[in-house]
There are 2 protein chains.
Amino acid sequence: MPAVALTRIDHVGVAVHNLDEAVERYRTTFGLIVVAIETNADQGVREAMLQIDASDAEAGPHSYVQLLEPLGPDTPVGKYLARRGEGVHHIGYAVPDVATAMRGLVAQGLRVLDERPRHGSLGASIAFVHPKDLNGVLTELVQAASG
Amino acid sequence: MPAVALTRIDHVGVAVHNLDEAVERYRTTFGLIVVAIETNADQGVREAMLQIDASDAEAGPHSYVQLLEPLGPDTPVGKYLARRGEGVHHIGYAVPDVATAMRGLVAQGLRVLDERPRHGSLGASIAFVHPKDLNGVLTELVQAASG
């Protein structure tokens, strides 16, 4: 019995210097659909959610490329860019219930970075797990708004 | 009309120091299913493919966490580990036809790192795109064996 059952890869979060340029690149190169561009002051980012697989618009759930531009140098993504440059910032996996998943991980000794679920993109409830506990991967648990 | 239509996130490739430890961590923490552990001498790695969503074993196609341990320090993953430590090494996106996708990207001016498709995990045909052309993300195009 695992601590947490992941159901799919929800999104790949990519830190970028210029959100508008990156959105245009992913849109024209790969045909991704921009479903949201929003500012998340809590996390210090302006971000875009780009849906993969335009041909399957009626089916769900979808996976996304999430592009993240920091609101300033003293934000988590701003510090990441200064230290490592553009690249994958985190991976978001879907879970049925984020609060249950958080308890399961804590019980197994992993460090969950949030005390309670917080607001993510597209109305999701999310929590982050410490990258040192998962081979250097900052990992986000995502309970979709409709889930 | 995009250069390439991605259909889904096929896998997240994670560079690790110790494959067996990492496999055990992802298996017990998240209930992922180990579907293959193989050595790819061409790419200088021993790797494991871990399927996400055990509850959906009959449906497909699946997404995977791919764990990568270098065969030595002079391999691409070995150099990555020395430079950046453990973490996300690349993202693999599914495409219907990798050769067509490669031509589409080259026509759009992106640098495809392979002249022709090569062998990937689980019998797939793959090609890599230069990370500098996609906001620092080493990007793999994956045509599944059954595709």
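In this text, all values refer to a predicted model and were calculated from it rather than measured experimentally. (Residues numbered from 1 in each chain as written. Chains lettered and ligands numbered in written order. Predicted model: local features only at pLDDT ≥ 70, side-chain atom pairs only at ≥ 80, totals over all residues. Heavy atoms only, no water.)

S.K.: So what about the nonpolar core? Which residues, and what values?
M.R.: Core analysis: the largest hydrophobic core is formed by 64 residues, its most contacted members being Leu67(A), Ile91(A), Leu67(B) and Ile91(B). In contact with Leu67(B), other than residues within four places in its own chain, are Val14(B), Val16(B), Leu19(B), Ala22(B), Val23(B), Tyr26(B), Arg46(B), Glu47(B), Ala48(B) and Leu50(B). (Core = buried A, V, L, I, M, F, W, Y, C linked by side-chain atoms within 4.5 Å. Buried < 20%, exposed > 50% of the residue type's maximum accessible area, 1.4 Å probe, protein only. Contact = heavy atoms within 4.5 Å.)

S.K.: Run through the sheet that holds strand β5 (residues 87-94) of chain B, naming residues and quoting values.
M.R.: Residue and element names in this part refer to chain B. Overall, mixed pairing links the eight strands, which are arranged β2-β3-β4-β1-β5-β8-β7-β6 in an open sheet. Of all the strands in the sheet, the pair left with one neighbour each is β2 (33-40) and β6 (118-119). The sheet contact formed by β6 and strand β7 (residues 125-129) spans two bridges and is antiparallel. Its bridge partner lying in β7, His119 is registered against Ser125. Along the sheet, helix α1 (residues 19-30) makes contact with β2, β3 (45-51) and β4 (64-70), crossing β3 at roughly 5°. (Pairing = 2+ DSSP bridges. Helix = DSSP H or I, 4+ residues; strand = E, 2+ residues; numbered from the N terminus. Axes fitted to C-alpha atoms, helices over the stretch in contact; angles between N-to-C directions.)

S.K.: For the relation of the copies chain A and chain B, give the residues involved together with the corresponding values.
M.R.: For these two chains of identical sequence, chain A goes onto chain B by a turn of 180° and a shift of 0.0 Å along the axis, with RMSD 0.0 Å. Overall, the copies show the geometry of a two-fold rotation axis. Comparing interface residues between copies, 100% of those in chain A also sit at the interface in chain B, which points to an isologous, same-surface contact. (Least-squares fit on C-alpha atoms with pLDDT ≥ 70 in both.)

S.K.: I'd love a proper account of the pairing of β7(B), names of residues and values included.
M.R.: Residue and element names in this part refer to chain B. Taken across its five residues, β7 has four buried, putting it largely inside the fold. What sits between the antiparallel neighbours β6 and β7 is a turn of five residues, in which Leu122 has the positive phi angle 55°. Relative to strand β8 (residues 139-143), β7 runs antiparallel, the two sharing five bridges. Bridge pairing in β8 places Phe128 opposite Glu140.

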